[in-house]
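# Per-entry structural report
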Amino acid sequence: MKGIMIFVFSWILMSFLASAQDKTVELDEIVIEGLPFEKFVSGSKIIKADSMQLAAVGQGTLANFLQENTTVYIKEQGNGMLASVSFRGTGSSHTGVFWHGINLNSLTLGNSDFNSFPIFLFDDITVQFGGASSVHGSDAIGGSIHLSSNPRWTKGSKIHVRQDFGSFGNVFSGVKLDIGNGKWESKTRIFYKYLKNNFPYSVTDRIGDSYEVKQDNAEVENYGLLQEFNRKIAENGYLSLRGWLGKNYHQVQPLMVTTPEETLAGDEILDKNIRLVGEYKHFFKNGLLQSGLGYVWDYQLFDATDVIETKRMLANLSYEWTLSDKTILKAGGNTKYIIPNVWSYDTDLTEWRGDAFLSLHQELIQNWSANLNVRKTFVPFTESPIAPSLSTSYTFKKASKIHEIRAQVERSYRVPSFNDRYWGDQGRTDLKSENGISSELGYHLQLNTSFDLDIATYYMIVDDWLAWKPAGGVWRPYNLKKVEASGIELNGKWKTNISSASLHLGAMYAYNHSILLEGVGEDDPSVGQQLPYTPRHRFGLNANVTYQSYNIAINNSFTGKRLGMDVNDKEEEVDRYFITNLSISKSLSMGKHRLSIEGKVQNVFDVEYQNVKRYAMPGRNYLMSINFFINNQQ
Amino acid sequence: MNKFRNFLSVAVVMAGTLFFISCDENNDIEKELESNGVVVVNEGNFGAGNGSISLYSEDSLKIANNVVKNANSGSEIGSLVQSVYAHDGVGYIICNASDKIEFISMEDNDYLANPETDVSAPRYMTVAGDMGYISCWGPWGANYDLPNSYVAVLDLTTRKIIDSLDCSSGPEGIIAVGNNLYVANSYDTTITIIDLADETSSVLKLNAAPLHFANDGSGSLWVTLGSAFKHAAVHVGLQEINISDNSLGVFVQVSDLSGSGKMAIDGSGENIYVLTAQPYPSTATEVFAFNISTKTLGNTALISGENFYGIGVNPDTDMIYVGDSKAFAGSGKIYVYDQTGIMVDEQTASIAPNGFLFN
């Protein structure tokens, strides 16, 4: 009965949202169906992208989204180039990126390029801070990100066409097409993006003169297609089939030149991916069955010669019991079969791995709940720890205020990558998984529906952190480093109406203290110091004003000083930077259709900055967008 | 309040003075070192463009880092400084990842010209006559092999690449002896010997991957032979080549020879010091002495430590220099030892000191 209730409730909610979408002209947050794990992680800080933020990112990538809307640090090795993430002072391999439960991190490298995930393809982005291996498995040490699009049971058709032209040879064309009759639904997202990326930057030459050069060898060309079919089966089940094809080409932006005559040889990287997921959800009287099958093909070609390729087949099954109105229990597991094709691995190398997990949500007294999650990954040779987490949250309402206090302790882990374990003669199958132990405490205040404040503090130790070391003249991975990370994150949102204008303000700040306790050797000179490329401070200030058919958005983000690769060398420090983006749009309503024209200025104050030392970034630049929504006022 | 203000101004003045003092002192060291310093080559981190040059004085036991950058308005050298060669007062800085050769004056470290960028993955240089010869790996082929390696010929007068000579895969060490140019093809098991008079070449076959050369001045050329992950340990070590007829002389096994095969010969040609690395799972690195007259390798390591990356011997004092990469995790160190392996000095250099040059 309860299962049907949940189903009916979500059905009503979705219908309501769908109808709400039809009527409102103003962009606003749209609450969506929660992700399957959400009810078990109420102790975690979770940020969900609202439709306004997603629209503002437009043709941008997950790197752009996180940079502009969260305090997470993105280390971008040039404009639109390899972007790695640092959640709470952890490294690029310590973040799980999931698409409907599939960890998208490269199996060979163990991490992701956050510029390879275009926001245009996704309806929902959920950012979970802190360790969550007990729910998501390997990699979720510093944080995890969930890209998804849930069924919205479209009735009729909805089309969104986007066309952008921007500075430095930027062109973007994208179409979103949703068709359905309430029982079945097809969602299509397709785009093409090109960026010549020949922005100018200035260099001081050897006699102290400044001159301007144009960035060379930094071209980006991406194609993407995401197709989703949702079909209701009987009264209480539905099937979703999703396919995501991507082709991302980019030249590798070289270091800044040191003389105008210098030309740097350019590398290039071509990534092709096929990701397929079939998922079936069935709502029983007191439970929910979820099962899925998937296939992922990752192919990378470096300089048109070297291939790094993996294929994986995946299957998962889980069941969620609603034991009483206070207790929900979920158990499940998954398995993967991986076939790599990497020249330096043994040719017959394949791997089976699997995960098993158990999650419990228990309401203790009214408004006070606790969660217990346990998960373990089974990998050949490698010992990976059993990762439990215990979290609790307490909510109390007072007049129009809702207070929530949450706390969590957890263990998280990261299984060494294929390269760590199987690379030529250097990989080691006797490596341990990286091991994180963390605790966090959070407070959330919601005032009416107009003000929202979140404070999160955390403390984390990551041990057995893998580092490749040229020991004995040969680079090999070792479980060497130990890192202590602690910090505080503040997020505030305020919504108000001034006469007929509606104003949204957002502010965020993060302080991170990430210290190397044990380094690559006894005399590692960086022990005791903040990790390289891990800013102590980040903050952001956003404002969005809608007046009649006009919208103005300002996005400011500050990234504090980062230590360079040699943390003891002051000259290697990378300066802080403050970047402002401004956009103005006008919306024209045409019956059931809508046309929106947007002009955007990025890096308004033409700040000269580097994210990674010696890699140029563009100054002020412009973007013009036309969005046409057919049968779709959103 | 007044007191605080006074204190503040005193503090500011003091801090300012300190700054000037330290600057002046640094300049003094650099000046002193420019004339008689030992060049320390700091390779830098991969993809970071932070390769640099340090100067060290054995007399005053002082080091100055980033000397080339400081002498040139902060203009940086480039990415992965593989080696430096000096000839006639000109320093040739070979930047492997930046694909260029920078030219500096050895007197004041000023850049002399725009870099020559017509090279692909340059490694090491030698000079014969008015020409420089630079081993170049060329672009990577499939599966990271090196099908297009070559030797670039640099006209020392015009500072331009004027020619290229053929060799096999992955040329590393390069040395000119008389009219012959020896090129160690480290992705192969051969040495290409090029007669510079007529540019004809011959190939010397070996049992492992040749890496670096040392000329003992008594008719023998020594080359380190590395395993390159595939050659048997019995073939890894030091190989003698008789310069007179390019025949192979003795072979001495050094099974723990480091992957880079780096070595250095002393001024009198009596000893060769080779970098070794204990086999996995040990992470220790060592220096072994090889006596050229008795053709024997020391029974035990002369020097031991972690992360040894570069080696050199000052030909005037026979002091042994070792670069410690600190596993590329931060500023490396250089250590100076006497011939008995006793450390006489230790200094902080920059990222990954990989070699030394003595004037």
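Nothing here was measured: the structure is a model prediction, and the numbers come from that model.

### Overview of the overall build of chain A
Assigned secondary structure in chain A consists of five helices and 31 strands. Its C-alpha radius of gyration of 24 Å places chain A within 12% of the 26 Å reference for a compact globule of 634 residues. Seen through its principal axes, chain A has C-alpha atoms that stretch 75 × 55 × 50 Å. In chain A, the proportion of contacts linking residues at least 24 apart, taken out of those at least 6 apart, comes to 63%. Averaged over its 63 positive side-chain charges, chain A has a centre that lies 8 Å from the centre of its 68 negative ones.

### Re the overall build of chain B
Counting its regular elements, chain B contains two helices and 28 strands. Taken over 359 residues, chain B has a buried fraction of 57%. In chain B, the proportion of contacts linking residues at least 24 apart, taken out of those at least 6 apart, comes to 40%.

### Describing the interface of chain B and chain A
Tallying the contact residues gives 47 residues for chain B and 44 residues for chain A. Roughly 3600 Å² is buried in total at the junction of chain B and chain A, and carbon and sulfur atoms are behind 51% of that figure. On the chain B side of the contact with chain A, B:Tyr144, B:Phe229 and B:Tyr280 bury the most area, a combined 18% of that side's loss. There are four salt bridges connecting chain B and chain A. Residue A:Asp523 pairs with B:Lys326 through a salt bridge whose shortest N-O separation is 2.4 Å. Applying the counting rule to chain B against chain A returns 12 residue pairs in polar contact (both at pLDDT 80 or more). Residue classes in the side of chain B that touches chain A are distributed as 16 nonpolar, 23 polar and eight charged.

### Considering the sheet that holds strand S10 (residues 160-166) of chain B
Sheets are built from strands paired through backbone hydrogen bonds, the pairs being either parallel or antiparallel. Residue and element names in this part refer to chain B. Pairing in this open sheet of four strands is antiparallel, and the strands run S7-S8-S9-S10 from one edge to the other. Of all strands in the sheet, those with a lone pairing partner are strand S7 (122-128) and S10, marking the two edges. Looking at each pair of strands side by side, their axes are set apart by 25° on average, direction ignored. Sheet analysis places strand S8 (residues 131-136) next to strand S9 (residues 150-155), joined by six bridges and oriented antiparallel. Residue Tyr133 lies in a different strand from S9, and its bridge partner there is Val153.

### Some points on the environment of A:Thr429
All names here are of chain A. Note that Thr429 resides in the loop between helix H5 (418-422) and strand S23 (434-447). With relative accessibility at 32%, the residue Thr429 sits in the partly exposed group. Sequence separation between Thr429 and Glu309 is 120 residues; the distance between their C-alpha atoms is 20 Å. Among all residues touching Thr429, those that are not within four sequence positions of it are Phe381, Thr382, Arg421 and Tyr422.

### Regarding the confidence of the model for chain A
In this model, chain A carries a mean pLDDT of 91, and residues with pLDDT of at least 70 account for 94%. Taken as a whole, residues 1-32 of chain A scores under 50 in pLDDT and shows 50 contacts with residues more than four places along the chain or in a different chain.

### Considering the nonpolar core
Residue and element names in this part refer to chain A. Ranked by internal contacts, the top residues of the largest apolar core, which has 35 residues, are Leu62, Phe65, Phe114, Ile125 and Leu147. Looking at this core, the elements with two or more residues in it are helix H2 (51-57), helix H3 (62-69), strand S3 (83-86), strand S4 (95-99), strand S6 (124-129) and strand S7 (143-148). A per-element tally of this core places H3 first, with four residues. Contact partners of Leu62, with chain neighbours within four places excluded, come to Val97, Phe114, Phe117, Ile119, Ile125, Ile145 and Leu147.

### A look at the sheet that holds strand S13 (residues 190-195) of chain B
Residue and element names in this part refer to chain B. Strand order across the open sheet formed by four strands is S11-S12-S13-S14, with antiparallel pairing between neighbours. Lying at the two open borders of the sheet, with one neighbouring strand each, are strand S11 (171-177) and strand S14 (200-205). On average, each strand axis in the sheet is tilted by 20° relative to the strand beside it, whichever way the strands run. Of the strand pairs in this sheet, strand S12 (residues 180-185) and S13 are connected by six bridges, and their pairing is antiparallel. Bridging across to S13, Tyr182 finds its partner in Ile193.

### Some details on the pattern of salt bridges
All names here are of chain A. Taken as a whole and judged by the stated rule, the model has 35 salt bridges over all chains. Of the charged contacts, one joins Glu279 and Arg242 as a salt bridge, the two residues approaching to 2.9 Å between their closest N and O atoms. Here Glu279 is found in strand S15 (residues 267-284), whereas its partner Arg242 is found in strand S14 (residues 237-252), with 37 residues between them in sequence. Residue classification places Glu279 among the buried positions, given a relative accessible area of 15%.

### Description of H3(A)
Across the eight residues that make up H3(A), a large majority, seven, are buried. Buried residues of H3(A): A:Leu62, A:Ala63, A:Phe65, A:Leu66, A:Gln67, A:Glu68 and A:Asn69, and no others.

### Details of the pairing of strand S27 (residues 343-351) of chain B
Taken together, the six bridges between strand S26 (residues 331-337) of chain B and S27(B) define a ladder with antiparallel strand orientation. Bridging across to S27(B), B:Ile334 finds its partner in B:Gln347.

### Focus on the environment of B:Glu172
All names here are of chain B. Looking at where Glu172 falls in the secondary structure, it is placed in strand S11. Residue classification places Glu172 among the buried residues on the basis of a relative accessible area of 6%. Considered as a pair, Glu172 and Leu238 are 66 residues apart in the sequence and their alpha carbons are 16 Å apart. Residues within four places of Glu172 in sequence aside, it is in contact with Arg123, Tyr124, Ser135, Trp137, Ala184, Ser186, Leu211 and His212.

What counts, and where the lines are drawn
Residues numbered from 1 in each chain as written. Chains lettered and ligands numbered in written order. Predicted model: local features only at pLDDT ≥ 70, side-chain atom pairs only at ≥ 80, totals over all residues. Heavy atoms only, no water. Helix = DSSP H or I, 4+ residues; strand = E, 2+ residues; numbered from the N terminus. Rg over C-alpha atoms; globule rule 2.2 N^0.38 Å. Contact = heavy atoms within 4.5 Å. Lys, Arg positive; Asp, Glu negative; His and termini not counted. Charge placed at Lys NZ, Arg CZ, Asp CG, Glu CD. Buried < 20%, exposed > 50% of the residue type's maximum accessible area, 1.4 Å probe, protein only. Buried area = accessible area lost by both parts, 1.4 Å probe. Salt bridge = Lys/Arg side-chain N within 4 Å of Asp/Glu carboxyl O. Polar contact = N/O pair within 3.5 Å; in protein donor to acceptor, adjacent residues only side chain to side chain. Nonpolar A, V, L, I, M, F, W, Y, C, P; charged D, E, K, R; others polar. Pairing = 2+ DSSP bridges. Axes fitted to C-alpha atoms, helices over the stretch in contact; angles between N-to-C directions. pLDDT = per-residue confidence, 0-100. Core = buried A, V, L, I, M, F, W, Y, C linked by side-chain atoms within 4.5 Å.

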